Amino acid sequence: MVNIPGIADEDLEPDPLDPSQIVSGEPVVTGKVLWEAPDGRQIRGIWQITPGVVTDTEANELFVVVSGRATIEVEGGPVLEVGPGDACVLREGDRTRWTVHETLRKAYHISL
């Protein structure tokens, strides 16, 4: 069991985007892995991105938005409007476009 009190922005580590992922703006990504399975196939943590538009290819992920707002367009699928308290599941291989309206922070669990 791990109880993690609020994590300050300065406690997050830089997680630079590949420049080819940036569609517009100057988004900055930071995060912190809070737990990783011994075999590396499951990861839990905090991830944060500042406003801008980026693309990504997803892993199997469940996340809950802690703060901020974004629109996530899933290629060939739904458009998700997410904000505080929203939970989402992304599938491995989903190609997405994230339009981050307000700095978004999420708590996530990824299965590899």
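For the structure, see preceding data.
Now for a description of the structure that goes with this document. This structure is a prediction, so every number in the text was calculated from the model and none was measured. (Residues numbered from 1 in each chain as written. Predicted model: local features only at pLDDT ≥ 70, side-chain atom pairs only at ≥ 80, totals over all residues. Heavy atoms only, no water.)

1. Things to note about the pattern of salt bridges
What counts here: Basic side-chain nitrogens of Lys or Arg form a salt bridge, by our definition, when they fall within 4 Å of a carboxyl oxygen of Asp or Glu. Each helix is a run of H or I in the DSSP string that is no shorter than four residues. Each strand is a run of E no shorter than two, and both are numbered from the N terminus. Classification of residues uses two cut-offs on accessible area relative to the type maximum, computed with a 1.4 Å probe and protein chains only: under 20% is buried, over 50% is exposed, and between them is partly exposed.
A full pass over the atoms with the stated rule returns 6 salt bridges. A salt bridge links Arg105 to Asp9, with the shortest nitrogen-to-oxygen separation between them at 2.6 Å. With Arg105 in strand S9 (residues 95–111) and Asp9 in the segment before strand S1 (13–14), the pair connects residues that are 96 residues apart, well separated along the chain. Of the residues examined, Arg105 reaches a relative accessible area of 11% and is grouped as buried. A salt bridge links Lys32 to Glu13; the shortest N-O distance between them is 3.9 Å. One end of the pair, Lys32, is in strand S3 (residues 29–36); the other, Glu13, is in strand S1, and 19 residues separate them in sequence.

2. Re the side chain of Arg105
Keep this limit in mind: Counting of polar contacts relies on pairs of N or O atoms within 3.5 Å, with two restrictions inside protein: one atom must be capable of donating a hydrogen and the other of accepting it, and residues adjacent in sequence are counted only when both atoms are side-chain atoms. Working rule for contacts: check all heavy atoms of both residues, and any pair within 4.5 Å makes them a contact.
From its side chain, Arg105 meets the backbone oxygen of Ile7 in a polar contact 2.5 Å long. Beyond its immediate sequence surroundings of up to four residues, Arg105 is in contact with Ile7, Ala8, Asp9, Leu12, Ile46, Trp47, Gln48, Val64, Val65, Val66 and Ser67.

3. A word on the packing of aromatic side chains
Quick note on the threshold: Centres within 6.5 Å are what make two rings of Phe, Tyr or Trp a pair, Trp counting through its six-membered ring; a difference in plane orientation under 30 degrees is then read as stacked, over 60 as edge-to-face, and the rest as tilted. By definition, being over a ring means that NZ of Lys or CZ of Arg is both within 6 Å of the ring centre and within 35 degrees of the ring normal.
Following the criterion strictly, the structure yields 2 aromatic pairs and no others. The interplanar angle of 35° and the centroid separation of 5.9 Å between the aromatic rings of Phe63 and Trp98 together place this pair among those described as tilted. With Phe63 in strand S6 (residues 60–74) and Trp98 in strand S9, this pair connects stretches of sequence that are 35 residues apart. The ring of Trp35 has Arg44 sitting right over it, with the charged end atom 4.3 Å from the ring centre. Of note, Lys106 hangs over the ring of Trp47, and the distance from its end group to the ring centre comes to 4.5 Å.

4. A word on the nonpolar core
Which entries qualify depends on this criterion: Buried Ala, Val, Leu, Ile, Met, Phe, Trp, Tyr and Cys residues form a nonpolar core when they are joined through side-chain atoms within 4.5 Å.
Of all hydrophobic cores here, the largest spans 18 residues; its most connected members are Trp47, Ile49, Phe63, Val82, Trp98 and Leu104. Those elements that place two or more of their residues in this core are strand S4 (42–49), S6, strand S8 (87–90) and S9. When sequence neighbours within four positions are dropped, the list of residues in contact with Trp47 reads Asp15, Val29, Thr30, Gly31, Trp98, Leu104, Arg105, Lys106 and Tyr108.

5. Some thoughts on the side chain of Asp94
You can see Asp94 is positioned in the loop between S8 and S9. By relative accessible area, which is 10% here, Asp94 ends up buried. Of note is the side chain of Asp94, whose polar atom sits 2.9 Å from the backbone nitrogen of Arg91.

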